[in-house]
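# An overview of the molecular structure
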Amino acid sequence: MAAGLILIDGSRGEGGGGVLRTALAMSALTQQSLRIDYVRGGTNHPGLDYEDLTLVRALAKSTNAETVGAEVGSLNLTFHPTRRPQGLSGPLDIANEAARRHPNALVVLNALVPVLARSGMYSQISVEGETYGHHALAFDYFANVTVPAMARMGLGMYPEMERAGFGRESAGLVKMDIEPSAISGIEWSDRGALLSCHALVVIGGVPASVGARGVQHVATLASKTKLMIEAEAMTVESSNPGAFVTVWAEYERGFGGATAMGSRGLRIETLAQTAFEEMLTWIKSSATVDPFLADQILIPAALADEPSVFRISELTPRFLSSVSVIKQFLPIHITVRGVEGEAGLVSIRR
């Protein structure tokens, strides 16, 4: 088992969940055993959390992996896949025993996509947990930015939110079908013409007038900047009250988006303003992807036979750490031009 074991320091670089998720996906995809020490060692809460363990269990089932240290709070994890990934079906085993916190459903799903897409089998899975959270992957961004961007790369994935969940103590529900896919590279060195720009104000358990106010504020902001935007409000079934704003744009060769999560005492106009201004900053740049999408397309781009090129509006510690992890598993050329915290150009080729 020790032969060919990939060793990763989970506290280096970003030092959080991104390192762990990238390493686990690459281990499953390449059939190389992994040991990661100091899991989430760069954060204030080191050790495996419930979200991590949910992903570990799903990937272990797909690859019939042997694991050591797969428990909440563990600082060290060994993952030894014994077969090529196979498709999954049904609800994932949610690791939240005796806890009120749930995993972010979209983070778990996104980490599974490249693995299950390369299994040669059709997967139909569901995850219970957060669908809208602070500084976390949310359903509307995933469905309207991640999914179409990955579709451009040949990945077939079809998410459906049956119940919304605002925050980590919520119990939303997302189902997703993932097709066996041949992944293509992307040539996104420039983004071309703007195809569409949208805003979605989602509310659950609050008056419909809140959503209407959010839409109106987005329309006012768009009018002042002369940006044509389609904005709408949507009321969702949710396990708890909440509000969330997503703004995104699609170009001929690129996607970008921004989000804002509601909290007690925060006006919906503030959420709309926050998401809109962040999105406008990205639009005014020359980037073809935002920092969040860059994280999500990195592994698929590394798996593609064709080269990929894309521009990021900001090189984050998470993205740079993921690049480093991938290079430990694959003999691949990933060239990043730029410095952390600034815009960058990424080239990937085998």
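About the thresholds
Residues numbered from 1 in each chain as written. Predicted model: local features only at pLDDT ≥ 70, side-chain atom pairs only at ≥ 80, totals over all residues. Heavy atoms only, no water. Core = buried A, V, L, I, M, F, W, Y, C linked by side-chain atoms within 4.5 Å. Buried < 20%, exposed > 50% of the residue type's maximum accessible area, 1.4 Å probe, protein only. Helix = DSSP H or I, 4+ residues; strand = E, 2+ residues; numbered from the N terminus. Contact = heavy atoms within 4.5 Å. Pairing = 2+ DSSP bridges. Axes fitted to C-alpha atoms, helices over the stretch in contact; angles between N-to-C directions. Left-handed = near helix turned anticlockwise from the far one by under 90°. Nonpolar A, V, L, I, M, F, W, Y, C, P; charged D, E, K, R; others polar. Salt bridge = Lys/Arg side-chain N within 4 Å of Asp/Glu carboxyl O. 1 Å grid on protein atoms, 1.4 Å probe; cavity = no way out; pocket = protein on both sides within 12 Å on 5 of 7 lines; lining within 4 Å. Points joined across faces, edges and corners; volume = space filled by probe spheres on them. Expected span 1.5 Å × (residues − 1). Arc of directions from axis to C-beta.

Here the focus is the nonpolar core. Looking at soluble globular proteins, one finds that nonpolar side chains tend to be buried together. Ranked by internal contacts, the top residues of the largest apolar core, which has 92 residues, are Tyr 132 and Phe 310. The element best represented in this core is helix H3 (residues 105–117), accounting for 11 residues. Discounting chain neighbours no more than four positions away, the residues touching Tyr 132 are Ala 138, Phe 139, Asp 140, Met 161, Ala 164, Gly 165, Phe 166, Gly 167, Val 202, Phe 244 and Met 261. If you look at the next biggest cluster of nonpolar residues, it comprises 28 residues, including Val 210, Val 215, Val 218 and Phe 276.

Moving on, we get to the pairing of strand E12 (residues 242–251). Summarising burial for E12: nine of the 10 residues are buried, a large majority. The pairing of strand E10 (residues 194–204) with E12 spans 10 bridges and is antiparallel. Residue pairing in the sheet places Ile 203 in a bridge with Ala 243 of E12. Pairing of E12 with strand E13 (residues 254–261), which is carried by eight bridges, proceeds in the antiparallel orientation. Counted as the bridge partner of Val 245 is Ala 260 from E13. If you look at the hairpin formed by E12 and E13, you'll find two residues sitting between the two strands.

One open sheet holds the four strands; their spatial order is E1-E2-E4-E3, and the pairing between them is mixed. Among the strands making up the open sheet, the edge pair consists of strand E1 (6–9) and strand E3 (66–68). Each strand axis lies, on average, 15° off the axis of its neighbour in the sheet, ignoring direction. Sitting on the sheet, helix H2 (residues 50–63) touches E3 and strand E4 (76–80), and the angle it makes with E4 is about 20°. Most of the contacts of helix H8 (residues 317–329) go to E1, to which it runs at about 165°, and overall it touches E1 and strand E2 (34–37).

Put simply, helix H5 (residues 208–225) and helix H6 (residues 268–284) touch, their axes get as near as 9 Å, and they point 35° apart. Like other packed secondary-structure pairs, H5 and H6 cross with a definite hand, here right-handed. Across from Val 210, Arg 213, Gly 214, His 217, Val 218, Leu 221, Ala 222 and Thr 225 in H5, the residues of H6 making contact are Ile 268, Glu 269, Ala 272, Gln 273, Phe 276 and Leu 280. Looking at the contact of H5 with H6 residue by residue, the class counts come to eight nonpolar, four polar and two charged.

Enumeration according to the criterion identifies 14 salt bridges in this entry. With its nearest N and O atoms 3.0 Å apart, the salt bridge here joins Glu 130 to Arg 168. One end of the pair, Glu 130, is in the loop between strand E6 (123–129) and helix H4 (139–152); the other, Arg 168, is in the loop between strand E7 (157–163) and strand E8 (172–178), with 38 residues separating them in the sequence. Judged by its relative accessible area of 3%, Glu 130 is buried. The shortest N-O distance in the salt bridge between Glu 250 and Arg 152 comes to 2.9 Å. With Glu 250 in strand E12 and Arg 152 in helix H4, the pair connects residues that are 98 residues apart, well separated along the chain. Given a relative accessible area of 31%, Arg 152 falls into the partly exposed group. Beyond isolated ion pairs, a larger network of salt bridges with shared partners links Arg 21, Glu 51, Glu 130 and Arg 168.

Take the layout of surface pockets next. Here the second largest pocket is characterised by a volume of approximately 370 Å³. Lining the second largest pocket are 15 residues; nearest its centre among them are Gly 242, Ala 243, Gly 262, Ser 263 and Arg 264. Those elements that place two or more of their residues in the lining of the second largest pocket are E12 and H6. Counted by class, the lining of the second largest pocket contains nine nonpolar, four polar and two charged residues.

Turning to H6, a few remarks are in order. Here H6 is 17 residues long and its end C-alpha atoms lie 24 Å apart, about the 24 Å a rise of 1.5 Å per residue gives. Considered for burial, the residues of H6 that qualify are Ile 268, Glu 269, Leu 271, Ala 272, Ala 275, Phe 276, Met 279, Leu 280, Trp 282 and Ile 283. Projection of H6 onto a plane perpendicular to its axis shows the buried side chains occupying an angular sector of 155°, all on one side. Every exposed residue of H6 that faces more than 90 degrees away from the buried side is listed here: Thr 281 and Lys 284. Those residues of H6 hidden inside the fold are in contact with E10, H5, E12 and E13.

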